[in-house]
Amino acid sequence: MDFQEKLVHDLVAKHGTDRENLLPILQGVIDQERYLSEEAILKIAKEMSIPAADVYGTATFYSFLDTDPRGKYVIRVCKTITCAMKGKNQIIQAIESFLKIKVGETTVDKKFTILQTNCLGWCHKAPAMLVNDDVYTELTPESVVDILREYREEN
Amino acid sequence: MEKYKMHILICGGTGCRASASEAIQNNLQDALKAKGLEEEVQVVMTGCFGFCEKGPIVKILPDNTFYIEVKPEDAEEIIEEHIIKGRKVMRLLYTDPEKKEVVSDSKHMGFYKKQIRIALRNCGFINPENIDEYIATEGYAALGKCLAEMTPQAVIDEIKESGLRGRGGGGFPTGLKWEFASKNEADQKYVVCNADEGDPGAFMDRSILEGDPHSVLEAMAICGYTMGADKGVIYIRAEYPLAIERLKVAIKQAREYGLLGNDIMGSGFNFDVEMRYGAGAFVCGEETALIHSMEGLRGEPTVKPPFPAESGYNGKPTNVNNVETFANIPVIINKGAGWFNKIGTEKSTGTKVFALAGKINNVGLIEVPMGTTLREVIYEIGGGIKDGKKFKAVQTGGPSGGCLTEKHLDTPIDFDNLLAVGSMMGSGGMIVMDEDDCMVSVAKFYLDFTVEESCGKCTPCRVGNKRLYELLDKITEGKGTKEDLDLLRNLSTVIKDTSLCGLGQTSPNPVLSTIENFYDEYIAHVEEHKCPSGQCKALMQYVIDPELCVGCTLCARNCPVDCIAGDRKEAHIIDTAKCIKCGACMEKCKFNAISIQ
């Protein structure tokens, strides 16, 4: 049993095979692998006895259930109006030039992916971003680079 | 609990935590220990105080001293001066921007004076990770009262009499909703808490869950008692990690205290709560879509009826309420419907939490009685517009709402008045805009949001909103015509009339309200091809003032497309046809010779 097979098997064993458990299982795979590969979707479909097309259809509905490969750290910059008013574009530019990739792309070392997302609910502390599950607020083009440098130097 | 003489409350809302409130807590505790005062003064990390503009905030009880923008290194001085010598640290107090007076007591600050905090009663007052503190502020007393003294119908009648309406935006009477769910017989029923807050500009549900998670759990249990449900589910968006963490702690503590689980308080009533996480889909805030998402399906809405009260989660009767609605319930039970329905206006009772954001001095969370005017909210509580600029509009109700202007400033805010002026309450986000904001671009922003978040199930919403966006885009590019404005209006009406769920039925509101209130601005875009606030990139031109230009060539050297010409010590000229409007020249010019027209 490879890692992914075990992961899916354990998640299904933990949550159960009812359809209502599909989302928690998909989220469990995302936690480990950062995206849902075709193989992972097929394995979930098989374990839960749901058509693979249904699993894919459900996953693609949700913006946090990515079906494209993502880096170890997924950066989601809030693009809502209040963050836009407070200079979200400069933040994006700073991240792009630091990581040398564009929004939607993943670095060659598979460490970072830059995405934009809708309101994160930090309008009073704009601009804001998420790096996986961690929130960073009141960003400046300088602070965002410092934050990402720490992630890059980590292990 | 030990008896302490003084309490130091530190805001532990995520906003303040991000700016070092944990370090402040540690330093305060160290300083207390150094002075041997740790037995007499308690340091508490609380939920959000709401005054996020000036965070991190430290409040001292019992004298209500309110310190702003506190740094970890200020801890020692606070202990030394305030706690030991009884002298307030003047430099950390708040200064009223209008009167230029130092205000030491939060009760006299403009920001708090007009507020009545019901849903936010415990935010910034108790430690949300300690159930004892919640219990000490009448927590779980309402649940006890319901279970011991009231029949389910009596509780429903109390809520009905209170006049409480759904705070998630729709404004449907909560008591009625509970009654429908209670009347439908079934072997299994569900209480669902909708914490899938997603309106741009709204963050009150997050703050309530971070600052007072038990109030929501208590209210869900009360709701379960009225309708005969023993299962509760909180559907919370994955973007709120701290709220999720606090809820987990709260659920665990409530179970340990027997306030969730079997035979609650020996009454024979069983109720437990589990959590489900959203995965980034705005439409899941719509109750039928939310239920489908909980069922493991695509989060698409379905036609009502059947209402969730008849056939909801797994086909069973389900009652869905928003976080803020739930947070009001325990107070209504404790203080009585007659107390609650005297606050606010006749048809919108109680208070509403608003999230102030945008170009306003005091950003943050506020809670005011229904019927408070926009002017009071923006000027008295919000402290007016940033940098002395002119107020232009306030957007309420997120993508379902509209922009209100100067002439609406004295409208009392309640559900019906906002609808009457073409906006809506929504979840309570208020984004304030000043003279520099282009209203066509604002409408375009919201449509961009709707296009992305539309689930695609019904055609008017999927296709219609896309067409609206394209028309607005065309106008901001300077290619719009006057006929496009009529088309925008007609298309908006069709989308409103024919969409399946609340998302599409309200999504054209930002367009309609900006056309209605800022018609001149639209006309300027389509007839003169100008953006009066200078925001639409395609419509602006960088111009060099020959009087001010000294011919230093700095701009020409920095222009990435070489569109600036001119000899040394001669005035330069920008070739507007080649200019990409990057603004590099304006940034570099040391003589302010370059402006946007």
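Bear in mind that the values here come from a model prediction, so they are computed numbers and not experimental data. (Residues numbered from 1 in each chain as written. Chains lettered and ligands numbered in written order. Predicted model: local features only at pLDDT ≥ 70, side-chain atom pairs only at ≥ 80, totals over all residues. Heavy atoms only, no water.)

Glancing now at the pattern of salt bridges. Residue and element names in this part refer to chain B. The tally for this structure, following the rule as stated, stands at 43 salt bridges over all chains. One salt bridge connects Glu-40 with Lys-5, and the closest N-O pair in it is separated by 3.2 Å. Here Glu-40, found in the loop between helix H2 (21-34) and strand S2 (41-46), pairs with Lys-5, found in the segment before strand S1 (6-11); they are 35 residues apart in sequence, far enough to count as distant. On the accessibility criterion, Glu-40 (32% relative accessible area) is partly exposed. (Salt bridge = Lys/Arg side-chain N within 4 Å of Asp/Glu carboxyl O. Helix = DSSP H or I, 4+ residues; strand = E, 2+ residues; numbered from the N terminus. Buried < 20%, exposed > 50% of the residue type's maximum accessible area, 1.4 Å probe, protein only.)

Turning our attention to the packing of helix H9 (residues 204-211) of chain B against helix H11 (residues 241-256) of chain B. Residue and element names in this part refer to chain B. Running from N to C, H9 and H11 cross one another at 35°; their axes reach a closest spacing of 8 Å. The interaxial crossing formed by H9 with H11 has left-handed handedness. On the side of H9, the interface is formed by Arg-206, Leu-209 and Glu-210, while H11 contributes Leu-242, Ala-243, Arg-246 and Leu-247. (Axes fitted to C-alpha atoms, helices over the stretch in contact; angles between N-to-C directions. Left-handed = near helix turned anticlockwise from the far one by under 90°. Contact = heavy atoms within 4.5 Å.)

Glancing now at the packing of aromatic side chains. Residue and element names in this part refer to chain B. Scanning the entire structure with this criterion turns up 17 aromatic pairs over all chains. Relative to Tyr-112, the ring of Phe-66 lies with its centre 5.5 Å away and its plane at 70°, an arrangement referred to as edge-to-face. Of this pair, Phe-66 sits in strand S4 (residues 65-67) while Tyr-112 is found in helix H4 (residues 110-113), placing the two residues 46 residues apart along the sequence. For Phe-66, a relative accessible area of 0% gives the class buried. Since its relative accessible area comes to 14%, Tyr-112 is described here as buried. Taken together, Phe-49, Phe-51, Phe-66, Tyr-94, Phe-111 and Tyr-112 form an aromatic cluster joined through their ring pairs. The ring of Tyr-240 has Arg-206 sitting right over it, with the charged end atom 5.9 Å from the ring centre. (Phe/Tyr/Trp six-rings, centres within 6.5 Å; stacked < 30°, edge-to-face > 60°. Lys NZ or Arg CZ within 6 Å of the ring centre and 35° of its normal.)

On the surface, a cluster of positive charge is made up of B:Arg557, B:Arg568, B:Lys569, B:Lys588 and B:Lys590. Following the sequence through the fold, B:Arg568 ends up in the loop between strand S17 (564-565) and strand S18 (573-574). (Patch = residues over 30% accessible without salt bridge, like charges linked within 9 Å, V, L, I, M, F, W, Y side chains within 5 Å. Areas by Shrake-Rupley, 256 points an atom, 1.4 Å probe, with all protein chains shown as cover. Lys, Arg positive; Asp, Glu negative; His and termini not counted. Charge placed at Lys NZ, Arg CZ, Asp CG, Glu CD.)

Right, let's talk about the domain arrangement of chain B for a bit. The figure often quoted for interface size is the accessible area lost as the parts come together. For chain B, the assigned domains read domain 1 (6-113), domain 2 (136-335), domain 3 (351-434), domain 4 (439-526) and domain 5 (541-596). In this structure, domain 1 of chain B and domain 5 of chain B have C-alpha centres spaced 49 Å apart. (Domains from an automatic or database assignment.)

Our focus in this paragraph is the domain arrangement of chain A. In terms of domain boundaries, chain A breaks down into domain 1 (3-61) and domain 2 (73-153). Inter-centroid distance (C-alpha atoms) of domain 1 of chain A to domain 2 of chain A is 28 Å.

The subject of this paragraph is the packing of helix H10 (residues 213-227) of chain B against helix H13 (residues 323-335) of chain B. All names here are of chain B. At a minimum axis distance of 8 Å, the contact between H10 and H13 shows a crossing angle of 75°. As the angle between them shows, H10 and H13 are arranged roughly perpendicular. Every residue of H13 that contacts H10 at Ser-215, Val-216, Glu-218, Ala-219, Met-220, Ile-222 and Cys-223 is listed here: Val-323, Phe-326, Ala-327, Ile-329, Pro-330 and Ile-333. Each residue belonging to the contact of H10 with H13 can be placed in one class, and the counts come to eleven nonpolar, one polar and one charged. (Parallel < 35°, antiparallel > 145°, perpendicular 65-115°, else oblique. Nonpolar A, V, L, I, M, F, W, Y, C, P; charged D, E, K, R; others polar.)

Let us look at the pairing of strand S7 (residues 190-195) of chain B. The buried count for S7(B) comes to six of six residues, which makes it a mostly enclosed element. Burial along S7(B) is two-sided: the residues B:Tyr190, B:Val192 and B:Asn194 and B:Val191, B:Cys193 and B:Ala195 are all buried.

This part takes up the nonpolar core. Counting 69 residues, the largest nonpolar core has B:Ile234 and B:Ile236 as its most contacted members. With nine residues, the single largest contributor to this core is H10(B). Formed jointly, this core draws a minimum of three residues from each of two domains, domain 2 (136-335) and domain 3 (351-434) of chain B. The contacts of B:Ile236, once residues within four sequence positions are left out, are B:Ala195, B:Leu209, B:Ala243, B:Ile244, B:Leu247, B:Met275, B:Arg276, B:Tyr277 and B:Gly278. Core analysis: the next-biggest nonpolar cluster, separate from the first, contains 51 residues, A:Cys83, B:Val233, B:Met294 and B:Tyr313 among them. (Core = buried A, V, L, I, M, F, W, Y, C linked by side-chain atoms within 4.5 Å.)

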